[in-house]
Each structure stands twice: as structure tokens, then as C-alpha cells.
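So the chains spell out like this:
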Amino acid sequence: MADQHQNGDTHLSKRTKLSYITDEEIEAEFSHHDPEVARLNNGAFGCCPASVLAAQRQWQLKNLRQPDHFYFNDLKSNLLRSRSIIKELVNAEHVDEISLVDNASTATAIVLQQASWAFHDGTFGKGDAVLVLHHAYGAVKKALEAYVARAGGAIIEVPLPFPLTSENDVVREFRKAVEIGKSESQGGDEENGTANRTRNRIRLAVIDHVTSMPSVVIPVKELVSICREEGVDQVFVDAAHAIGCTRVDMQEIGADFYTSNLHKWFFCPPSVAFLYARRSSKSRDLHHPVVSHEYGNGIAVESSWAGNRDYSAQLVVPAAVDFVNRFEGGIEGIRKRNHDVVVEMGNMLVEAWGTHLGCPPHMSASMVMVGLPPSLGISSDSDALKLRTRLRDHFGVEVPIFFRGPADDHRSVTAYARISRQVYNKVADYYKFRDAVNQLLQDGFTSTAS
Ligand SMILES: Cc1ncc(COP(=O)(O)O)c(C=O)c1O
């Protein structure tokens, strides 16, 4: 009987390993998605399969069933379990380097609040600079305004060309901006002879790993090493899109701080992100913006209790891992297939419209920028939004549109669609988008006229 049982188990584990999730099972996992919509915008809000939502519900019920028991016996140990999984996935050195927070915006606030205090207490001087990419996420730029500019820091934006032809375009512009940041500035009054020259310092560089709009994979490892060579004090990588979308390795990248959402490309529910903080004196100054009982116990522990609230999104990381392991190659297999398919679909669209991709495929992850036909007449951000709304309301296609800038000539591309690919997408979704645009062109639609 024992043998039989053992054989049964062996058979089961073999079968589990060999049989990957089927198309029908994928459909069932995402049956809560609106079937009328070709959802080409995973990049914005991500997705969460039914099995992970069910696991989340179990955590919520466990809490509500006996909150005191949950608080004293379950919460911290299971948050630690989630953090340990992330630590392994991203190749951090120690689990204490990984905190779980609500989202990339919270992680950004934690890092920039620390920079703000450094300006206030004189560790950073007035006029010292923070470097950020021009294509950084809008909310991150607002956070720089709130935490850095108000504290007396200067903000230097690194201009990036788009479309891009190679990583060198990014590296060259970044180097130039670092030089400008370091260049001498003049203070005091030249007329009455009190002019003084000070050498500026770049205290912090905020670098995207995968920019949002336009979406481009940034050569982050190279940019971090430029920062190290040039004596930039701190490097924070905003990698809101990265985990599950591109390669993420903390020791290889070498940043001080790094954040990625888990609800975008890692199948967690809204909302959860990890914040990596390399163990150093810098990380000791990090604090959660919501102060509670754990204040002063390190950012990872502070983040594990930011007051009474629902922690279930942070507790389902093991369930998300179970989900991705049903696919061949796990999360790595998923991201590679997503990349291959989205590039293939991007090429299909640019061929249909006689346009081009916004950057070479190796600078894209699971999102690709697809040039839209110039005759759509997109000549402002509001035109781009109009087209997006039209595609949603009239054609059941959800896709964000990026306005690049005014036309160089009447045949040049002024706007790009950012198409995403996730496991639930079907090839038909992309053909639906192609046909919708073709229909608009046939109807003589132009964004400006409508
Ligand atoms: C590059 C980038 N940074 C930060 C964020 C903010 O993420 P969240 O809204 O989850 O905080 C986003 C969201 O899309 C993003 O794309």
C-alpha cells in the first residue's frame, strides 16, 4: 500500500512536470476579462489570474476569521516567505534588501523622501542635482518636484531621442548629461567681486529599466556603471515594468535602490511591488512614508506593518509563482515568448501600415512601439487620446498611443501605439487592432478633424 502510494506520488509529480497549462486552462484563468476587448495594454494595469485571486481571497478570509491570530502568527512569517521568493528571483544578496510595498510610486516616495532629508540636513548641498531620463514616468517626475526641487535640489533631464536605433543613443545622451551636471556653476555676485564657483555634484540618478511611454528597455547596467565612474552618490532604478518582462538581477545591475511592480507582469493582484535597497549606510535612511510601530526597524520591517490594512496582495507571491510554473520555462519562458510574439505582431502591423518600429527588437521587452499611419493626423497629445478613446469605444481595442512630436514632413510618423503581449492575448487581438485602424483610414478619419 505504501509502495503503491509512493508510486502514485511519483507518477503525479512526473505528470505535473510534463503537462503544461493548456489553452483552455489559460482562458479559464482569465475568464473575468471582458471578452469584447482586445486588451493590448497589459503594461498599464497588468492582470491577475483566477487561481491567484482565489489565493488572495483565502488570505483575506483568514485575516477576517481571527484577526489576532493572523496578526500574531501568520502575517509576518508569510510576508517573509514572499520576500524570500523575490530575493531569489532577483538575485539579491539578502532577504533584508527586499521590502514589499504597494506599488512603484510608494517605493519612489521612500527613496526620494530620503534624498529630500539629505538636502534638508545639509548632507546634499543646495544646487546639487538629481538626474532623470526625459522619458521617465510622469508621476516620478512629480515626485522629484515634491521631494527634491522643494528641498533645493536641481533636476537635470537626460534627453532621449525617439525612435531609437541603438543603445548607444541612450548611453551617449546619459554621459553628456552627467558632464553637464558636474560642470562648474557660478554663485555670488560677479560685479562686487563676490563671485564664487562651485563644483556641482550629482547626488542621485533616477534611471528607468523599461520606460513606460515610449517603451524602451534601457541599458541600465551600463548607465549604473557610468554613475559609479563619475561619483554619483546614489542610483535608483525605476523598474515598474521589469519583473516578468525583462531580465532582473540585482547583483548584475548594481544599483542602490530598485523597484518593480509585481502586479504588472508577475500576475499579482493590484497592488504590490518590491523595493530592493542594497545593504549600506544609504539604506538605513529609508523609511516608509506611512509611519507606524515598526519605525526605525529597517525599511523591510517598516513596510511589513504600515498600519492595519489588507496585506493580501503581498501574500500571494507564492501563488503567482505556482501559476507561472505551470508554463514551460516558468516566468523566463513566459517573458521570452511574450517578447517573440509581440515583436512578430509589431512587425505585422508596421508592414500593414508601411511604418516602422520605434526601436530595434532587442530594446523591447513584452511591449513594442508601433508607428501609426501618418494620415491619422495625430498632431498633439489630445489627438492621441482621441484615437485611443475611439479605438476603445467603437472597436473594442485597448491600446495606449504616444504622440512623438510634430511631423518632419507629411509622410513621417508622428505617433506610436504601445502594444503589449501577455499569456492571455491571442493573435486575433492584434489583427483586430490592424483592421480597426484600416477601417478608420478607409472612413477618412483624422484625429484632428473629429
Ligand atoms: C515607469 C513607471 N514608473 C512608475 C510607475 C508607477 O507605478 P504604480 O502606479 O503601480 O505605482 C509606472 C506605472 O505604469 C511606470 O510605468
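Provided above is the structure to which this section pertains.
The following paragraphs examine the structure supplied in this document. All values derive from a computational prediction rather than experimental measurement.

**Description of the overall build of the protein chain**
Here is step 1: Assigned secondary structure in the protein chain consists of 16 helices and 14 strands.
Here is step 2: In summary, the protein chain has a C-alpha radius of gyration of 24 Å against a globular reference of 22 Å for 450 residues, a match within 12%.
Here is step 3: Here the analysis covers contacts within the protein chain between residues at least 6 apart in sequence; of these, 67% occur between residues at least 24 apart.

**Remarks on the site of the ligand**
Here is step 1: Taken together, 13 residues form the shell around the ligand, and within it Asn103, Ser105, Tyr137, Ser212 and Ala240 come nearest.
Here is step 2: Breaking the shell around the ligand down by element, the ones donating at least two residues are α6 (104-120) and α7 (138-147).
Here is step 3: The residue inventory of the shell around the ligand, partitioned by class, reads five nonpolar, six polar and two charged.

**Side note on the pairing of strand β3 (residues 129-133)**
Here is step 1: Taking burial as the measure, the five residues of β3 include five buried ones, the bulk of the element.
Here is step 2: Neither face of β3 is left uncovered, since the one carrying Ala129, Leu131 and Leu133 and the one carrying Val130 and Val132 both have all their residues buried.
Here is step 3: Inspection of the sheet shows β3 paired to strand β7 (residues 202-208) by four bridges, in the parallel sense. By the bridge assignment, Leu131 is partnered in β7 with Ala205.

**Here's the deal with the environment of Ala319**
Here is step 1: Relative to the helices and strands, Ala319 is located in helix α13 (residues 317-324).
Here is step 2: Taking the C-alpha atoms as reference, Ala319 lies 48 Å from Ala407; in sequence the two are 88 residues apart.
Here is step 3: Excluding residues within four positions of it along the chain, Ala319 makes contact with Ser51, Val52 and Ala55.

**Remarks on the packing of helix α14 (residues 330-353) against helix α16 (residues 427-442)**
Here is step 1: Here α14 crosses α16 at 20 degrees, and the two axes come no closer than 10 Å. Compared by their axis directions, α14 and α16 come out roughly parallel. Every pair of crossing elements has a handedness; the one defined by α14 and α16 is right-handed. Along the contact surface, α14 presents Met345, Met348, Leu349, Ala352 and Trp353, while α16 presents Tyr430, Arg434 and Val437.
Here is step 2: For the contact of α14 with α16, the residue count by class is seven nonpolar, no polar and one charged.

**Things to note about the sheet that holds strand β11 (residues 367-371)**
Here is step 1: The strand order β11-β14-β13 describes an open sheet built from three strands, whose pairing is antiparallel. Looking at the sheet topology across the chains shown, the edges are occupied by β11 and β13 (401-403). Ignoring strand direction, the axes of neighbouring strands in this sheet form an average angle of 30 degrees.
Here is step 2: Relative to strand β14 (residues 415-420), β11 runs antiparallel, the two sharing five bridges. The residue bridging Met367 from the neighbouring strand is Ser420, located in β14.
Here is step 3: Packed onto the sheet, helix α15 (residues 381-395) meets β13 and β14 and runs at close to 165 degrees relative to β13.

**Side note on the nonpolar core**
Here is step 1: In terms of nonpolar packing, the biggest core is built from 131 residues, with Leu131, Val206, Cys268, Val316, Ala320 and Ile419 touching the most fellow members.
Here is step 2: Of all the elements, α6 adds the most residues to this core, at nine residues.
Here is step 3: When residues of this core are sorted by domain, at least three fall in each of domain 1 (73-323) and domain 2 (330-442).
Here is step 4: Look past the residues within four positions of Ile419 in its chain and what remains in contact with it is Leu40, Val342, Met345, Gly346, Met367, Val368, Val370, Val399 and Tyr430.

Parameters at a glance
- Residues numbered from 1 in each chain as written.
- Predicted model: local features only at pLDDT ≥ 70, side-chain atom pairs only at ≥ 80, totals over all residues.
- Helix = DSSP H or I, 4+ residues; strand = E, 2+ residues; numbered from the N terminus.
- Rg over C-alpha atoms; globule rule 2.2 N^0.38 Å.
- Contact = placed C-beta atoms within 7 Å.
- Near = placed C-beta within 6 Å.
- Nonpolar A, V, L, I, M, F, W, Y, C, P; charged D, E, K, R; others polar.
- Buried ≥ 20, exposed ≤ 12 C-beta atoms within 10 Å, placed from the backbone.
- Pairing = 2+ DSSP bridges.
- Axes fitted to C-alpha atoms, helices over the stretch in contact; angles between N-to-C directions.
- Parallel < 35°, antiparallel > 145°, perpendicular 65-115°, else oblique.
- Left-handed = near helix turned anticlockwise from the far one by under 90°.
- Core = buried A, V, L, I, M, F, W, Y, C linked by C-beta atoms within 7 Å.
- Domains from an automatic or database assignment.

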